[in-house]
Each structure stands twice: as structure tokens, then as C-alpha cells.
Amino acid sequence: MTDLGIPVPQTFPWERPTQTALPVIDATEHFRRTDVGPIEHPELDECPTTIRNIGWTLGNDCPYRCTHCYSMTARDKGMDFTPEIIDRIVEQLAINGVETVNLGGNEPLFTNGPNPKDTLLPRIIHGLTDAGIPVGLTTSGITLIHLARDHRSAFEKLNDVDVSLDSPYPDEHNKNRGAKLYKQAITALDLCVEQGIPHSVIMCAMGWNFTPDRIDALVEIARAHQAHIRINPIKPVEKAHMESALPADQYYAGFSRLLARCSPIDLGEPPIAAVTGFAGAKGCPCGRTSFRIHSITPDGRIPVSPCVYLHDYKVGDLVVDDLADIIASDQFKTFRRRNAHPEVIPGCEGCSLLHSCRGGCAGRSYLHNAHTTGQRSLFARDPYCPRDIAPTEVFPQNPTLPTDQRLVHMDYLCTWIGKPLPIDAAKIGQ
């Protein structure tokens, strides 16, 4: 047990036997199905569509094997990008008013297989920035190091960078990544400091790494490298991910600890926005302000989904389809109906937190519900429902967010971003 009474797993994900049971969710189904996504409540109206911040999963290959990867099982090798495909996608994003793009989901360097010499990443960065769209990068460190060394002009055009650390402890991070990448991550943070590029340390929060000692150590790393911290609680894209999912009490204890040590930059985690009384909360952004472009399929299609984690909702092909038609699809509409009418979600009607939480994270709700009940429905309640859990931790109330920040993950994904407080301002004793 930790000092907050949180159980620490006796084994880490990389030490557990591989599950062989057939999962409820099959992330490869989109390769075979035409009727993607449960289309629900067509009788309801939608919230407004204001697409601004999107993500783009580049490439079909990655040399690393992170235990929590949400895209490896949904990728298949066989087709690479071409300059024409890139130019077409950039054009579609520009004419539809997309404001920011994050490049990630796969180590972005590997757009065309494992050889860095074949990468088209610089063309993508230049194309987007030339179109007036700020570009962010999520990387283990490798991509940024290559850009700084081999493609300096593209490196200098980056708006901000997220560097992945699965643990503040080198051995744990390297084991979870399946490669010795800790030093590269620290080098990438140093490169950002030297270049003056805004940057964050990003952790996928899991039961084994979202513990008080690791949170404190992560804050210290971020403070030492002038970085933000971004936290994505794991979404169980695969059944095996349920073993790493955060228990609800650990979820709230961890975020309470972070908010005692950091000033919030973005409160995109709906339950946390609700328990802090954040006046600007609007629920899950997926399909409303954001979406995800997925990696290229073996037959050369590039599908899109409202949520990066929900491969069941992949639709269209950006190689040939107009983005406006994809955003207007029934798959996207179902997400916007959920946001507009959270009272339809079983268990949510009448909740005093409904306006801010709005049923919580759509992707997490869908996946947890599918793995625990065998039923697929977007109209499911977040497993971290703040009314049901009634967390006892202390949270700051009525927070205000800075208006001078421009990070590509703001209002994209259900995520949390904070800035470490000076040591004398942080409530270290909590």
C-alpha cells in the first residue's frame, strides 16, 4: 500500500502473461466492416460542431512495444504515405478551418516504415505550418532528436512538443517501452528548452505508475526541465488494458495530488472539471471540437474517427472523401448527441454535476462498459462518475485557466495539463 492507501500492483504489465481470451473489442474490425460504430439516438439533436484541434496518427510501423499502446493492434503494414496524400490531407484540414494538429499515435518519424531516411514527416510539418496550422509533436524523444539533427527547419517550426515518460524511473520506463528510451526523452526535453519550444511531459496514467512517489518525481522532472505535465488516464482499447486501468479512488487521489503541485492549464478530464467546479467545462471534446486521423490501411485508406481510442467509429477515407462529409457522418453525430443530451445516459439524469461532466469521457465510458458488460454503447456513464464515487480528496474550486497558452492538446482529447508550481507555492505536504 502507498502512503495514500492506494494498492500497488505486485507485477507490472510487462511481467504478466498475455491474455488469450477473445476480446469484446476487436481493434482490427474496421478493416473488414462497413457498418462502423453503434449509431444511437438519431431522434436527438446535436451540440454545435466547432472542430479546432485534431490529431494525426502517422505511419504504419513502430519499432517500440509500449504495453499501453492504443494503435498498434489497429495498424497493419502494407502501404506508405505519398506526397500527394499528404498534400490532399493538409488541404482538407485547411479548408475546414482546423486550427491545430498534433502528430503522434505512432512514433511520428516512421511515416513510411522503420527507416528514418524514408520519412515524410518534414513535408507534413512544412505543409501544415505553411497553411497556417500550428503543429505539435508527441514523441518518445527519437523523432525530435532526428528533426533537430537532420531536418532543422521543420524542427524550428514546431509549436509545442509532448515527450512521453511512462515512469520517472528509467528502468521502469524502458521496460514499458520495450526499448531504452529514457535518455532520449530527457534529451528531447533539453532540446525544447534550448530552442524555446513549449513542451510537456506526457504520462499515460495506469495503476502501476500513477502513485504518489511517481507523481512527485514526475513533477520534479517537469519543473527541472521547464515543462508542463499532461496526463492521459489509460483507455482500455484492448481487454488486457483493463488490468492497468486506474481504480476510481486512485484516479481522484492522483489528480488531487497533481493539482496541489501544479496550476491547471487545461481541464479536459470531465470528472476532474466537475469536482473542481470549473465554469468552462463542456464535457468530452471528441467529435465536437476534435477528431483523429488514423494511420494508413494496407489498401491505402486513411480513416477518421471522433475519438482516437474508439476504432469502432472509424469512418471515411481522407484520400478521397471530403472532410466535411466525414464530420457530418452518423458516427460523428452520435458523439455530438451524447454531449448535447447526457441526461439520456443511464444513471446520469438528474445529477447536479451533469452540466460540467456530461457523462464523462466518451471513449473511456464506451470501452469500460464494453469490457465489463459485453455491450457496446456510447451512451454509457464514465466509470469515474464523480457522483457515484464521491471523492473525499481536496480539489481547488472554480479554477481559472490561462488565456495566453496555445498547446495543441488543449480541448483535444479528454486530458489534463498542468504547470508545476514553484516549490514554495506547492502544497508539498499533501
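Keep in mind it's a predicted model, so treat the numbers as computed, not measured.

## Section: the overall build of the protein
Alright, step 1. When its secondary structure is counted, the protein shows 14 helices and ten strands.
Alright, step 2. A buried classification covers 60% of the 430 residues belonging to the protein.
Alright, step 3. The long-range fraction of contacts in the protein, counting pairs at least 24 apart against all pairs at least 6 apart in sequence, stands at 76%.
Alright, step 4. Only carbon and sulfur atoms are counted for the fraction: they give 52% of the accessible area of the protein, which is about 16200 Å².

## Description of the packing of helix α1 (residues 83-95) against helix α2 (residues 121-130)
Describing two packed helices takes the angle between their axes plus the distance from one axis to the other.
Alright, step 1. Where α1 meets α2, the axes come as close as 10 Å, and the angle between the chain directions of the two elements is 25 degrees. The orientation of α1 relative to α2 falls into the category roughly parallel. Note that α1 runs across α2; the crossing there is right-handed. Touching P83, I86, D87, V90 and L93 of α1 are R123, I124, G127 and L128, all from α2.

## A closer look at the packing of aromatic side chains
Alright, step 1. Across all of its chains, the model carries ten aromatic pairs by this definition.
Alright, step 2. Between the aromatic rings of Y252 and F395, the centroid separation amounts to 6.3 Å while the plane-to-plane angle is 85 degrees, which identifies the pairing as edge-to-face. Highlighted residues: Y252 in helix α8 (residues 248-261) and F395 in the loop between α14 (386-389) and β10 (416-420), separated in sequence by 143 residues. By the burial criterion, Y252 is buried, and F395 matches it.
Alright, step 3. Pairing F255 with W416 gives two aromatic rings, centres 6.0 Å apart and planes at 65 degrees, and the pair type is edge-to-face. A residue pair is termed long-range when its members are at least 10 positions apart, and F255 in helix α8 and W416 in strand β10 qualify at 161 residues.
Alright, step 4. A relative accessible area of 0% places W416 in the buried class.

Cut-offs used in this document
Residues numbered from 1 in each chain as written. Predicted model: local features only at pLDDT ≥ 70, side-chain atom pairs only at ≥ 80, totals over all residues. Heavy atoms only, no water. Helix = DSSP H or I, 4+ residues; strand = E, 2+ residues; numbered from the N terminus. Buried < 20%, exposed > 50% of the residue type's maximum accessible area, 1.4 Å probe, protein only. Contact = heavy atoms within 4.5 Å. Areas by Shrake-Rupley, 256 points an atom, 1.4 Å probe, with all protein chains shown as cover. Axes fitted to C-alpha atoms, helices over the stretch in contact; angles between N-to-C directions. Parallel < 35°, antiparallel > 145°, perpendicular 65-115°, else oblique. Left-handed = near helix turned anticlockwise from the far one by under 90°. Phe/Tyr/Trp six-rings, centres within 6.5 Å; stacked < 30°, edge-to-face > 60°.

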